[in-house]
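Here are the chains, one letter per residue:
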Amino acid sequence: MCVSKYLVGLTFCVCYLASYLTNKYVLSVLKFTYPTLFQGWQTLIGGLLLHVSWKLGWVEINSNSRSDVSVWLPASALFVGVIYAGSRALSRLAIPVFLTLHNVAEVITCAYQKCFQKEKTSPVKICSALFLLAAAGCLPFNDSQFDPDGYFWAVIHIFCVGAYKILQKSRKPTVLSDIDQQYLNYIFSVILLAFASHPTGDLLRVPEFPFLYFYRFHSTCCASGFLGFFLMFSTVKLKRCMAPGQCAAWIFFAKAVLQIEPRTLYIGSRHSTTELHLLSSEHCFFFFICFYF
């Protein structure tokens, strides 16, 4: 039993790392900054793989009730905001910066539970939230690659993630499992992003993308779609077979390993290849406190 839990945890970590690095490569190195198309592709692949898994009997999906589906639609709309804004932010921010800002969403859910649901909050959790806010607040003043647009989309991403988690917790207990919810998210995202691709201009501008017919673009886009599905599936499996504390520990471990990656990531710029500093030693303390939250 312990061995199977370790395998699930390690699988989650591998999918987590590979997914983030692949997405960052497509967004920042290849500069495929067409989020309606990129995220639409990923959700399409995820939805198809989940549907095939359902038909093969590997997972159970119970989303036949119209009332349950309609109740979940606001959460699916927030999910689209999460992946769209996240894609825009990740294309402009370093991975550690993005992850630190992403974790601020936990402060939103914590504050909501404290203020509106009157839940008791331990002093340790309050201190973690304060450290998290401090780390996120220091980032704009210490980021040598400060990008206002990146931080703008990161803020939208934070609020969408926070609202999604609040709505997800307020809907439980529900007949919709985590797989059911993700299946509905995939369907809604594919439809909405497909319709949004033309008004946003992504569909019209994509023929100008210089690597459109290159093998490395096709291979990394395919990999991102499959990795996104495997990350979702391994996350659900992780939550099912482990206690909340153990699950949080594996998530912390996966995020910490990202900090052990090479300290610089080379990305192409308009003029030449530039060096993007991902993490400085003076920020390490803040990052690890944030990831422990």
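Scroll up a little and you will see the structure.
Conventions and cut-offs
- Residues numbered from 1 in each chain as written.
- Predicted model: local features only at pLDDT ≥ 70, side-chain atom pairs only at ≥ 80, totals over all residues.
- Heavy atoms only, no water.
- Helix = DSSP H or I, 4+ residues; strand = E, 2+ residues; numbered from the N terminus.
- Buried < 20%, exposed > 50% of the residue type's maximum accessible area, 1.4 Å probe, protein only.
- Axes fitted to C-alpha atoms, helices over the stretch in contact; angles between N-to-C directions.
- Parallel < 35°, antiparallel > 145°, perpendicular 65-115°, else oblique.
- Left-handed = near helix turned anticlockwise from the far one by under 90°.
- Contact = heavy atoms within 4.5 Å.
- Nonpolar A, V, L, I, M, F, W, Y, C, P; charged D, E, K, R; others polar.

Positive phi, normally seen in glycine, also occurs at Lys-31, with a value near 60°. Mapped onto the elements of the fold, Lys-31 is located in the loop between helix H1 (2-29) and helix H2 (35-55). Lys-31 sits in the partly exposed class, given a relative accessible area of 40%.

On to the packing of H2 against helix H3 (residues 66-90), then. Packing of H2 against H3 leaves a shortest axis separation of 9 Å and a crossing angle of 125°. With respect to H3, the axis of H2 lies oblique. Seen along the crossing, H2 lies across H3 with a hand that is right-handed. Residues Pro-35, Thr-36, Phe-38, Gln-39 and Thr-43 of H2 touch H3, and the partners they reach there are Phe-79, Ile-83, Tyr-84, Ser-87 and Arg-88. When its residues are assigned to classes, the contact of H2 with H3 shows 5 nonpolar, 4 polar and 1 charged.

Examined against the element boundaries, Thr-22 turns out to sit in helix H1. Judged by relative accessible area, Thr-22 falls into the buried class, the value being 15%. Separated by 201 residues in sequence, Thr-22 and Ala-223 have C-alpha atoms that sit 7.4 Å apart. Excluding anything up to four places from it in sequence, Thr-22 contacts Thr-220, Ala-223, Ser-224 and Leu-227.

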